[in-house]
Structure formats: structure tokens, C-alpha cells
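# Fold and contact review
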Amino acid sequence: MSAQDVDATEAGVATGTHGAVTVAYNGLAARAGLEALKRGGNAIDAALTAAVTQVALTAGAPISYFGILSPVYYDAASARSTR
């Protein structure tokens, strides 16, 4: 855990067996996204978990809860996309 409690100066990547989560600042945010995948979440669950965790852990320094988030999600099973 201590290795993940580091603010990175470059973007990093955390990968799992069913997807990937990328974050720019905090390893714990990447870990939170990975845990969402491990617990059965999908890509959008992991992305939102990582994003919200990053904001909380960095106290909104370069990003905030009030920033623009415009995800487009495609569900292959239903062949539908949503915004």
C-alpha cells in the first residue's frame, strides 16, 4: 500500500484481468478503480471510481468534482451507447 500512496509526476497505468484504469496523480485512485473491476464492476464503474477517488485524495488540486465529465458508454451485449 505504501508504494501506491505516491503522487506521480507522470501518468501511470494499473491493469487487471478484465480491463485497465489509468490515472495521472495518485496510485491509490488507480487501485480503487482496479478493485472496482475485481469486485465485478465494469469499465464505467472502474473509471468513475478512479476519477472520484483521485479527486478526494488530491483534494481537488488539478481536478474537481465540478469538472466536465462526458463519458460515452457502449454496451456490447445490447449494442446500445449512452451518454
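Use the structure listed above.
Residues numbered from 1 in each chain as written. Predicted model: local features only at pLDDT ≥ 70, side-chain atom pairs only at ≥ 80, totals over all residues. Heavy atoms only, no water.

So, on to the pattern of salt bridges. Within this structure, the stated rule accounts for 3 salt bridges. With a shortest N-O distance of 3.9 Å, E35 and K38 are connected by a salt bridge. Of this pair, E35 and K38 both sit in helix α1 (residues 27-38), 3 residues apart, roughly one helical turn. The class of E35 is partly exposed, set by a relative accessible area of 22%. A salt bridge links E35 to R39; the nearest nitrogen and oxygen atoms lie 3.7 Å apart. Exposure remark for R39: the relative accessible area of 72% places this residue in the exposed category. (Salt bridge = Lys/Arg side-chain N within 4 Å of Asp/Glu carboxyl O. Helix = DSSP H or I, 4+ residues; strand = E, 2+ residues; numbered from the N terminus. Buried < 20%, exposed > 50% of the residue type's maximum accessible area, 1.4 Å probe, protein only.)

Another aspect to go through is α1. Between the first and last C-alpha of α1 there are 16 Å, a value that for 12 residues agrees with the 16 Å anticipated at 1.5 Å per step. For α1, every residue scored as buried is listed here: L28, A29, A30, A32, G33, L34, A36 and L37. (Expected span 1.5 Å × (residues − 1).)

Take the environment of R31 next. As for its position among the elements, R31 is in helix α1. Spatially, the C-alpha atom of R31 lies 7.7 Å from that of A50, the residues being 19 residues apart in sequence.

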